Amino acid sequence: MLHWKIATFTAWWNYTGIRRCPFVHWVAVKPHFQGQGIGKAIIAAGVRHMIDLEVDTFLVDTIRL
């Protein structure tokens, strides 16, 4: 079985002193695989996972490279 790394999703908890909020920091898809919905799929999976961990607010920083 082959395993290729074609996308990444990085997030961590941002502690404000009052509460913790997940911060979506990095989402990337290799150029050859872009335009196929992979980025949307990994963001959706990451957000679902954070919701499962009792989250109701997200911080997201965006930039297009």
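None of the values given here were measured: they were computed from a predicted structure.

Cut-offs and rules
- Residues numbered from 1 in each chain as written.
- Predicted model: local features only at pLDDT ≥ 70, side-chain atom pairs only at ≥ 80, totals over all residues.
- Heavy atoms only, no water.
- pLDDT = per-residue confidence, 0-100.
- Helix = DSSP H or I, 4+ residues; strand = E, 2+ residues; numbered from the N terminus.
- Pairing = 2+ DSSP bridges.
- Buried < 20%, exposed > 50% of the residue type's maximum accessible area, 1.4 Å probe, protein only.
- Expected span 1.5 Å × (residues − 1).
- Arc of directions from axis to C-beta.
- Contact = heavy atoms within 4.5 Å.

### Observations regarding the confidence of the model for the protein
Predicted confidence across the protein gives a mean pLDDT of 82, with 78% of residues reaching 70 or more. Per-element mean pLDDT across the protein ranges from 62 in strand S3 (residues 59-60) up to 89 in helix H1 (residues 38-52).

### Re the pairing of strand S2 (residues 20-29)
Examined bridge by bridge, strand S1 (residues 7-15) and S2 share 9 bridges and lie antiparallel to one another. Among the inter-strand pairings, Thr8 is bridged to a residue of S2, identified as Ala28. Hairpin connection between S1 and S2: a loop of 4 residues separates the two successive antiparallel strands, and Gly17 in this loop has a positive phi of roughly 95°.

### Description of the environment of Lys40
Structurally, the position occupied by Lys40 is in helix H1. We classify Lys40 as exposed; its relative accessible area is 69%. Spatially, the C-alpha atoms of Lys40 and Val27 are 9.4 Å apart, while their sequence positions differ by 13 residues.

### Section: H1
Its 15 residues give H1 an end-to-end C-alpha distance of 21 Å, which sits within 8% of 21 Å, the value for a rise of 1.5 Å per residue. Residues of H1 that are buried: Ile38, Gly39, Gly46 and Met50. When H1 is viewed along its axis, its buried side chains cluster within an angular range of 100° and face the same direction. Every exposed residue of H1 that faces more than 90 degrees away from the buried side is listed here: Lys40, Arg48 and Asp52. Against the buried residues of H1 lie S1 and S2.

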